[in-house]
Amino acid sequence: QVQLVESGGGPVQAGGSLRLSCAASGSVDSIRVMGWGRQAPGKQREFVAQLCNGREPTYGASAKGRFTISRDIAKNTVYLQMASLKPEDTAVYYCNAGGHGLFWGQGTQVTVSP
């Protein structure tokens, strides 16, 4: 079992930046991939970014060129650096981790105002 706790969400103005963090605990040695998804009201959950062990990160179309995913394995933490934020980025952002199963955090709200 892996437990994930997101932090760093909050209100931000358009054009601003925000850094989300996700701390993993539990069976952290089993984690092979960590990533981020998001879900806006009335929308399905959208892929944002993913980072597999020893691989280059991948991004969803909405994140390319603006967001950066990184991971500190020693700290069992994955980050999502978001820049040039737009109102359409407003969503609940969820951290996920996969290995021996797939786990999700509770999410953190990001609200981008014009």
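Up top you'll find the structure we're talking about.
Asker: Provide a residue-level description of the state of the cysteines, including the pertinent values.
Answerer: Throughout the structure, instances matching the rule amount to 1 disulfide. Each disulfide pairs two cysteine sulfurs, and for Cys 22 the partner residue is Cys 95, the sulfurs being separated by 2.1 Å. Of note, the bridge from Cys 22 to Cys 95 carries an S-S torsion of about -85 degrees and is left-handed in sense. Of this pair, Cys 22 sits in strand E3 (residues 18-26) while Cys 95 sits in strand E9 (residues 91-99), placing them 73 residues apart in sequence. The exposure class assigned to Cys 22 is buried, which follows from its relative accessible area of 0%. Taking relative accessible area as the criterion, Cys 95 reaches 0% and is therefore assigned buried. Cysteine Cys 52 is unpaired, with the sulfur of Cys 95 as its nearest cysteine sulfur at 13 Å.

Asker: Go over the pattern of salt bridges with me, naming the residues and quoting the values.
Answerer: Tallied over the full model, the rule gives 3 salt bridges. Across the salt bridge formed by Arg 38 and Glu 46, the nearest N and O atoms sit 3.0 Å from each other. When its relative accessible area of 5% is taken as the criterion, Arg 38 is described as buried. Relative accessible area serves as the criterion here: at 31%, Glu 46 is assigned to the partly exposed category. Here Asp 89 makes a salt bridge to Arg 66, at a shortest N to O gap of 2.7 Å. Separated by 23 residues along the polypeptide, Asp 89 in the loop between strand E8 (77-82) and E9 and Arg 66 in the loop between strand E6 (58-59) and strand E7 (67-72) bring together distant segments of the chain. Salt bridges linked by common partners bring Arg 38, Glu 46, Arg 66 and Asp 89 together as one network.

Asker: Account for the environment of Glu 6, naming residues and giving values.
Answerer: As for its position among the elements, Glu 6 is in strand E1 (residues 2-7). Note: C-alpha distance between Glu 6 and Tyr 93 (87 residues apart in sequence) is 8.3 Å. Excluding anything up to four places from it in sequence, Glu 6 contacts Ser 21, Cys 22, Trp 36, Tyr 93, Tyr 94, Cys 95, Gly 105, Gln 106, Gly 107 and Thr 108. Only 2.8 Å separates the side chain of Glu 6 from the backbone nitrogen of Cys 95, close enough to count as a polar contact. Of note is the side chain of Glu 6, whose polar atom sits 3.0 Å from the backbone nitrogen of Gly 107.

The rules behind the values
Residues numbered from 1 in each chain as written. Predicted model: local features only at pLDDT ≥ 70, side-chain atom pairs only at ≥ 80, totals over all residues. Heavy atoms only, no water. Disulfide = S-S within 2.5 Å. Helix = DSSP H or I, 4+ residues; strand = E, 2+ residues; numbered from the N terminus. Buried < 20%, exposed > 50% of the residue type's maximum accessible area, 1.4 Å probe, protein only. Salt bridge = Lys/Arg side-chain N within 4 Å of Asp/Glu carboxyl O. Contact = heavy atoms within 4.5 Å. Polar contact = N/O pair within 3.5 Å; in protein donor to acceptor, adjacent residues only side chain to side chain.

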